[in-house]
Amino acid sequence: MKAGPMRHRGMLSKPERVQNKTGGFDQVWADVGKVWAEITMPTGRVSPVAEQIEAVISAEIRIRPRSDVVAGWRFTELHTGVTYRIESPLLNNERDMLRLLCSSVPNP
């Protein structure tokens, strides 16, 4: 893998449950670590959800292989602050790159 295209610095975050004052649980995002990434193929579409129009941006994010990344985590680009939800982490055949298929998070 070439290091040149991996020019985006990002933060991986995972959901954690934290007990609140009323005895229930709140979901918070715990930072896992910073990674260098290549963000490619950002595409957009508009879909009707609950009689409202919702814009969804899809992207493919490539990072170096990690065994702990799972669907449901978040990737936040540190320079722009754009947050993506990881839908599926896919390891390529050579096992030298992890492809993260992602969708946008409207209100992170």
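Here, the structure is the one placed above.
## A closer look at the overall build of the protein chain
Scanning the protein chain from N- to C-terminus turns up 0 helices and 6 strands. Order of helices (α) and strands (β) in the protein chain, N terminus to C terminus: β-β-β-β-β-β. Relative to its full complement of 108 residues, the protein chain shows a buried share of 32%. When contacts within the protein chain are restricted to residue pairs at least 6 apart in sequence, long-range pairs at least 24 apart make up 49% of them. Here the protein chain has roughly 7,200 Å² of accessible surface; of this, 51% comes from carbon and sulfur atoms. Of the charged side chains in the protein chain, 15 are positive and 12 negative, and the gap between their average positions amounts to 5 Å.

## Let's talk about the environment of K14
Considering the arrangement of structural elements, one finds K14 in strand β1 (residues 8-19). The sequence separation of K14 and E38 amounts to 24 residues, and the corresponding C-alpha distance is 20 Å. With residues near it in sequence (within four places) discarded, K14 still touches V28, W29, A30, V32 and W73.

## A look at the nonpolar core
Counting residues in each nonpolar core, the largest one holds 15 residues, and the members touching the most others are L12, I61, I63, F75 and L100. Secondary structure elements with two or more residues in this core: β2 (25-49), β3 (52-63), β5 (83-91) and β6 (98-104). Not counting residues up to four positions away in its chain, the partners in contact with I61 are A37, E38, I39, F75, Y84, L98, R99, L100 and C102.

## Focus: the pairing of strand β4 (residues 74-77)
Of the two faces of β4, the one holding R74 and T76 and the one holding F75 and E77 are both buried throughout. Two strands pair when backbone bridges link them, and β1 and β4 are joined in this way by 4 bridges, in the antiparallel orientation. Bridging across to β4, S13 finds its partner in R74. In this structure, β4 lies alongside β5, joined through 3 bridges in antiparallel fashion. Following the sheet pairing, R74 is matched in β5 by R85.

Thresholds applied
Residues numbered from 1 in each chain as written. Predicted model: local features only at pLDDT ≥ 70, side-chain atom pairs only at ≥ 80, totals over all residues. Heavy atoms only, no water. Helix = DSSP H or I, 4+ residues; strand = E, 2+ residues; numbered from the N terminus. Buried < 20%, exposed > 50% of the residue type's maximum accessible area, 1.4 Å probe, protein only. Contact = heavy atoms within 4.5 Å. Areas by Shrake-Rupley, 256 points an atom, 1.4 Å probe, with all protein chains shown as cover. Lys, Arg positive; Asp, Glu negative; His and termini not counted. Charge placed at Lys NZ, Arg CZ, Asp CG, Glu CD. Core = buried A, V, L, I, M, F, W, Y, C linked by side-chain atoms within 4.5 Å. Pairing = 2+ DSSP bridges.

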